[in-house]
Amino acid sequence: MLLALNKPFGVLCQFTGEAGRRTLADFVPQKGVYAAGRLDQDSEGLLLLTDDGRLQHRLADPRHKQPKTYLVQVEGVPTEGALDRLRHGVTLNDGPTLPAGAEAIDAPDWLWPRDPPVRFRKTVPDAWLRIVLREGRNRQVRRMTAAVGLPTLRLIREAVGAYRLDGLKPGELRVIDP
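Analysis parameters
- Residues numbered from 1 in each chain as written.
- Predicted model: local features only at pLDDT ≥ 70, side-chain atom pairs only at ≥ 80, totals over all residues.
- Heavy atoms only, no water.
- 1 Å grid on protein atoms, 1.4 Å probe; cavity = no way out; pocket = protein on both sides within 12 Å on 5 of 7 lines; lining within 4 Å.
- Points joined across faces, edges and corners; volume = space filled by probe spheres on them.
- Nonpolar A, V, L, I, M, F, W, Y, C, P; charged D, E, K, R; others polar.
- Helix = DSSP H or I, 4+ residues; strand = E, 2+ residues; numbered from the N terminus.
- Core = buried A, V, L, I, M, F, W, Y, C linked by side-chain atoms within 4.5 Å.
- Buried < 20%, exposed > 50% of the residue type's maximum accessible area, 1.4 Å probe, protein only.
- Contact = heavy atoms within 4.5 Å.
- Phe/Tyr/Trp six-rings, centres within 6.5 Å; stacked < 30°, edge-to-face > 60°.
- Lys NZ or Arg CZ within 6 Å of the ring centre and 35° of its normal.

Draft legend 1. Layout of empty space enclosed by the protein. On inspection of all chains with the given rule, the structure shows one cavity of 30 Å³ or more. Of the voids in this model, the largest cavity is the one considered here, and its volume is about 50 Å³. Glu75, Arg119, Phe120, Arg121, Val124, Pro125, Asp126 and Leu153 together form the lining of the largest cavity. Partitioned by chemical class, the residues of the lining of the largest cavity number four nonpolar, no polar and four charged.

As structure tokens, then:
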């Protein structure tokens, strides 16, 4: 079984947690499934879950280099130099990243409002990027955008390999034929 969940903002990417904190158990009624990869509590979007250990490994293990596509709202206006640094890889405190796909995009018109909303500052512009990674370090997109002077305000995973959000609303779950 393979499930696609649009993980809402503020949800822990685990099935158990402290009282009062939302977890995957609040959205996934199926038992015996496990996340193929993770999204931190502050990130939203596509999370794949499966009961198939081999499929989970293929989707999540960095050695298989499944491309992961993120929509990223950043503080500031991206320069071509900043985008080039992302495309060629940046050096983080745990070493250099692999080159990434990075492009400036218009704000997605299909995007749901975030609750709570992203902070808005009249004097600081924001922009949207599409970033494609083939590795998956802890909070990597946030650290990469910060390294090029564009702090992340909002982060949504749009796709993992060929699997996409495709209209899933926050908290919605869809069964996929793997």
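Draft legend 2. Looking closely at the layout of surface pockets. Here the largest pocket defines a volume of roughly 460 Å³. As for the largest pocket, its lining consists of 24 residues, of which Arg38, Leu39, Asp40, Arg137 and Arg139 are closest to the centre. The set of elements that each furnish at least two residues to the lining of the largest pocket consists of strand 4 (68–75), helix 3 (140–147) and strand 9 (152–160). In terms of residues, the lining of the largest pocket owes the most to one element, helix 3, which gives three residues.

Draft legend 3. A look at the nonpolar core. Ranked by size, the top nonpolar core spans 20 residues in total, and within it Val72, Leu86, Leu129 and Ile131 carry the most contacts. Those elements that place two or more of their residues in this core are strand 4, helix 2 (80–88), strand 8 (126–133) and helix 3. Residue contributions to this core peak at four residues, all from strand 8. In contact with Ile131, not counting residues within four places along its chain, are Lys68, Thr69, Tyr70, Val72, Leu86, Ala100, Gly101, Val141 and Thr145. Within the second largest apolar cluster, 18 residues are counted, among which are Leu2, Ala36, Leu71 and Leu168.

Draft legend 4. Just unusual backbone geometry, in detail. Cis geometry is adopted by the peptide bond preceding Pro116, which originates at Asp115 and carries an omega value of 5°. With respect to the secondary-structure elements, Pro116 resides in the loop between strand 7 (101–105) and strand 8. Located in the positive-phi region is Arg139, a residue other than glycine, with phi close to 50°. For Arg139, the position within the fold is in the loop between strand 8 and helix 3. Despite not being glycine, Asp166 has its phi angle at roughly 45°, a positive value. Structurally, Asp166 can be placed in the loop between strand 10 (163–164) and strand 11 (173–176).

Draft legend 5. Focus on the packing of aromatic side chains. Tallying each qualifying case throughout the model produces one aromatic pair. Judged by centre distance (6.0 Å) and plane angle (50°), the rings of Trp110 and Trp112 are tilted. Residue Trp110 is classed as partly exposed on the basis of its relative accessible area, which comes to 42%. Over the ring of Phe9 we find Arg114; its NZ or CZ atom is 3.9 Å from the centre of that ring.

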